[in-house]
Every structure is written in C-alpha cells, then in structure tokens.
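Fold and contact review
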Amino acid sequence: MDERSALRLLAADLPAAGDDAAVVNGLVVTTDMLHETTDFPTGTTRYTAGWRAVAASLSDVAAMGADATAAVAAYGAPTLDETELRDFVRGAREACEAAGADYVGGDLDTHGEFTVATTALGETDAPILRSGATPGDVVCVTGALGRSAAALRAFDAGDHDRANDLFRFTPRVAAGVALRPHATAAMDSSDGLARSLHQLADASDCGFEVEWDAVPVHDAVTDYARDPDDERAMIAYFGEDFELVFTLPAGAVSAVRDALSVPLTVVGDVTREGVLADDVPLPDEGYTHADD
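Model, not experiment: these values are computed from the prediction. (Residues numbered from 1 in each chain as written. Predicted model: local features only at pLDDT ≥ 70, side-chain atom pairs only at ≥ 80, totals over all residues. Heavy atoms only, no water.)

**Things to note about the domain arrangement of the chain**
The domains assigned to the chain are domain 1 (3–123) and domain 2 (137–281). A straight line from the C-alpha centre of domain 1 to that of domain 2 covers 21 Å. At the junction of domain 1 and domain 2, the tally comes to 2 salt bridges. A salt bridge links Arg-180 to Asp-67; the nearest nitrogen and oxygen atoms lie 3.5 Å apart. Between domain 1 and domain 2 we count 12 residue pairs in polar contact (both at pLDDT 80 or more) in total. Only α3 (46–63) and β3 (67–77) provide two or more residues apiece to the side of domain 1 that touches domain 2. Across the side of domain 1 that touches domain 2, the residue classes tally to 12 nonpolar, 7 polar and 7 charged. (Domains from an automatic or database assignment. Salt bridge = Lys/Arg side-chain N within 4 Å of Asp/Glu carboxyl O. Polar contact = N/O pair within 3.5 Å; in protein donor to acceptor, adjacent residues only side chain to side chain. Helix = DSSP H or I, 4+ residues; strand = E, 2+ residues; numbered from the N terminus. Nonpolar A, V, L, I, M, F, W, Y, C, P; charged D, E, K, R; others polar.)

Below, the structure is given as structure tokens:
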C-alpha cells in the first residue's frame, strides 16, 4: 500500500495522530525520514541535505504554532566521510539557527543508502490544529509556492548551485508563532497546496474555494515551467515547499499580515463542502513518499 493508505490503516490505533506534530503536555514533537533516492536528487550537497532534513521537521513545529527548541538527526550513509559529515551537521545547525532552535546531535551508522531521520521539538500550550476551520474564514498561505519544484528542475538541468539554494528553505516557525493567537486551522504544504486543502477539509469537515490567480508563485517557477498548466502543477501538486496553509477569520487578516515577517496571501474562502479552484473540483493530488 502507499503512504496514505498506511496512515489510514494506523489511524484507528493512533487516535492522537493526524496533525503535523504530536503535543504532549505542551511539548511538540515530530519526526521525518528522508532517503537519497526519493528526497535528495543527484547534485544535492550534504550541507543542503542537513539543512533540508532538519528544516522539514521544524516546518511541522511551525505548522502547530509552536516555538522551536531543538532538533536531532540520525544519519546513515554507505561511508562515513569526514567532509560530508561536517557539511551535513553545519547545514543542520544553520537550519536550526534560522528557526531559533538548537541542533543537539543524534546518531550515525553505515547504511546502504544515504538516509536521514530527523526529530524536532517545540513548545506551546495552544497548538494550532487542522480541525478548526469554519465556513466564513479565509484560507491563506505564507510565502510563494513552487520553490521545490523549480529546484528539482534545476537539478535535472545540471544547475546544481541554484538547485541547492532553492532546496534550502527557511522553516516558518516565526510565522507559526505569530499565527497562533489567530489561526483557526493550519498545516504545512509539504504534500502540496491541493492535498493540504483536502487534508484540512477532512479534518475540519468543511470545504474550500480558491482562485488560481490568487496563489503566489515563486519567481523561479517561471524559469522552468513549460506552459501555464505545468506552472499550475508546480505550485499546487508537487509539494515540498514547506510554506504554511492556514485559515483565519476574515477580520484578522490585516493584523496577522502586520505581525508576519513573510508575505501572507489570501487564496480563497472556507465553505461548507467541496474543494474547488475557480469553481472546478480541485483533485486530491500531491507529493507521495515513494520511489518511482
């Protein structure tokens, strides 16, 4: 079965799961696993791998509206090369610094494929869940979408310097903390905008209507998109952008926008049912952790 089927299978036995991270007595904890064949294209530096692996987990902390405190990583590779290890740790440490957290170590071992498992910790007594969106709210995103899709195209084109730069995103921890008093639901866009909207709709028992022209597009997308349909796929279905997708009462938008240090864009409205884009059903498509 695929990843989503496996998660559905386990859901009955793990009733506390379902948000971007678990919350236990104010402690936020989340873990992720990344593999070379599925997550690190040829040309990805160990510095970028360290940054991206840790940042992916910190993004889950951000989606809960928590203050990030620390991260660890388990590192496995066919050989334990000194330069690669130092570069990985430097990337992991600097990603933590960008989110106001500490990188505090982890584990390492030899492994047949370069693989990283990361865990991030945060703190909040008032987490933002996926289940609070209400018809009449607006749905918003931070930043711009399509960055990781553009990075993959850059890797494919052999433009590795630009690709690595695009792959190193800043976790939106500060934005998540600023959203905490206002957002009614939130998650990160690691699986793509379209799938995020479907997941939020399922958790909140609501619907969404978004406008394609309102969705913010990362500048790099225009350099690699083949046509308008391809651009739409890069911003909505590819995923791995790690922006925040969240809902707000309409009256809170101005205050939240002023509180954020990154752009906030209203892309649509919360409705009673259905997930639509320009009045057309939006497919539940997005990133899947699988080896193609």
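Moving on, there is more to tell.
**Some details on the sheet that holds strand β12 (residues 280–281)**
Taken together, 7 strands build an open sheet; the order of strands is β7-β9-β6-β10-β8-β11-β12 and the sheet is mixed. Because the sheet does not close on itself, it has two edges, and the strands there are β7 (185–188) and β12. Pairing geometry for strand β8 (residues 207–210) and strand β10 (residues 264–271), over 4 bridges, is antiparallel. Among the inter-strand pairings, Val-210 is bridged to a residue of β10, identified as Gly-268. Sheet strands touched by α3: β7 and β9 (244–248). Its angle to β7, the strand with the most contacts, is close to 175 degrees. Relative to β7, helix α8 (residues 193–204) is tilted by about 145 degrees, and along the sheet it contacts β6 (138–142), β7, β8, β9 and β11 (275–277). (Pairing = 2+ DSSP bridges. Contact = heavy atoms within 4.5 Å. Axes fitted to C-alpha atoms, helices over the stretch in contact; angles between N-to-C directions.)

**Examining the packing of α3 against helix α4 (residues 82–98)**
Direction vectors running N to C along α3 and α4 enclose 35 degrees, while the axes themselves pass 6 Å from each other. Every pair of crossing elements has a handedness; the one defined by α3 and α4 is right-handed. Touching Arg-46, Tyr-47, Ala-49, Gly-50, Trp-51, Val-54, Ala-55 and Leu-58 of α3 are Glu-84, Asp-87, Phe-88, Arg-90, Gly-91, Ala-92, Glu-94, Ala-95, Cys-96 and Ala-98, all from α4. Its residues placed into classes, the contact of α3 with α4 shows 11 nonpolar, 2 polar and 5 charged. (Left-handed = near helix turned anticlockwise from the far one by under 90°.)

**Topic: a negative patch on the surface**
Together, Glu-209, Glu-211, Asp-213, Asp-269, Asp-278 and Asp-279 line one region of the surface with negative charge. By the element assignment, Asp-278 lies in the loop between β11 and β12. (Patch = residues over 30% accessible without salt bridge, like charges linked within 9 Å, V, L, I, M, F, W, Y side chains within 5 Å. Areas by Shrake-Rupley, 256 points an atom, 1.4 Å probe, with all protein chains shown as cover. Lys, Arg positive; Asp, Glu negative; His and termini not counted. Charge placed at Lys NZ, Arg CZ, Asp CG, Glu CD.)

**A closer look at the pattern of salt bridges**
The full count for this structure, using the stated rule, is 12 salt bridges. Its salt-bridge partner being Arg-130, residue Asp-20 comes within 3.0 Å of it at the nearest N-O pair. With Asp-20 in the loop between α1 (3–11) and β1 (22–24) and Arg-130 in the loop between β5 (115–123) and β6, this pair connects stretches of sequence that are 110 residues apart. Residues joined in a network through salt bridges with shared partners are Arg-153, Arg-226 and Asp-230.

**Observations concerning the packing of helix α5 (residues 147–156) against helix α6 (residues 160–167)**
In contact at an axis separation of 8 Å, α5 and α6 are set at 160 degrees when each is read in the N-to-C sense. In terms of orientation, α5 and α6 fall into the roughly antiparallel class. Once α5 is placed against α6, the crossing between them reads as left-handed. On α6, the residues touching Arg-147, Ser-148, Ala-150, Ala-151, Ala-154 and Phe-155 of α5 are His-160, Ala-163, Asn-164, Asp-165, Leu-166 and Phe-167. Residue classes in the contact of α5 with α6 are distributed as 7 nonpolar, 3 polar and 2 charged. (Parallel < 35°, antiparallel > 145°, perpendicular 65-115°, else oblique.)

**Examining the packing of aromatic side chains**
Scanning the model with the defined rule gives 7 aromatic pairs in all. Pairing Phe-88 with Phe-114 gives two aromatic rings, centres 6.5 Å apart and planes at 90 degrees, and the pair type is edge-to-face. Highlighted residues: Phe-88 in helix α4 and Phe-114 in the loop between β4 (102–110) and β5, separated in sequence by 26 residues. On the accessibility criterion, Phe-114 (1% relative accessible area) is buried. Following the ring pairs from residue to residue traces out a cluster consisting of Phe-40, Tyr-75, Phe-88 and Phe-114. (Phe/Tyr/Trp six-rings, centres within 6.5 Å; stacked < 30°, edge-to-face > 60°. Buried < 20%, exposed > 50% of the residue type's maximum accessible area, 1.4 Å probe, protein only.)

**Things to note about the side chain of Ser-190**
Relative to the helices and strands, Ser-190 resides in the loop between β7 and α8. Given a relative accessible area of 16%, Ser-190 falls into the buried group. Here the side chain of Ser-190 touches Asp-188 through a polar contact of 3.0 Å, side chain to side chain. With near-sequence residues (within four places) excluded, Ser-190 lies in contact with Gly-239, Glu-240, Phe-242 and Tyr-287.

**Concerning the UniProt feature "binding site: Mg(2+) 3" (unreviewed entry) in the chain**
Taking the UniProt record as the reference, the feature "binding site: Mg(2+) 3" (unreviewed entry) is found at Asp-20, Asp-60 and Asp-188. In terms of the greatest pairwise C-alpha distance, the residues named above, spread along 169 residues, form a tight cluster of at most 7.5 Å across. Tracing the chain through its elements places Asp-60 in helix α3. Residue Asp-60 is classed as buried on the basis of its relative accessible area, which comes to 8%. The contacts of Asp-60, once residues within four sequence positions are left out, are Asp-20, Ala-21, Thr-30, Asp-32 and Asp-188. (UniProt positions renumbered as here; feature names shortened; annotations may be inferred.)

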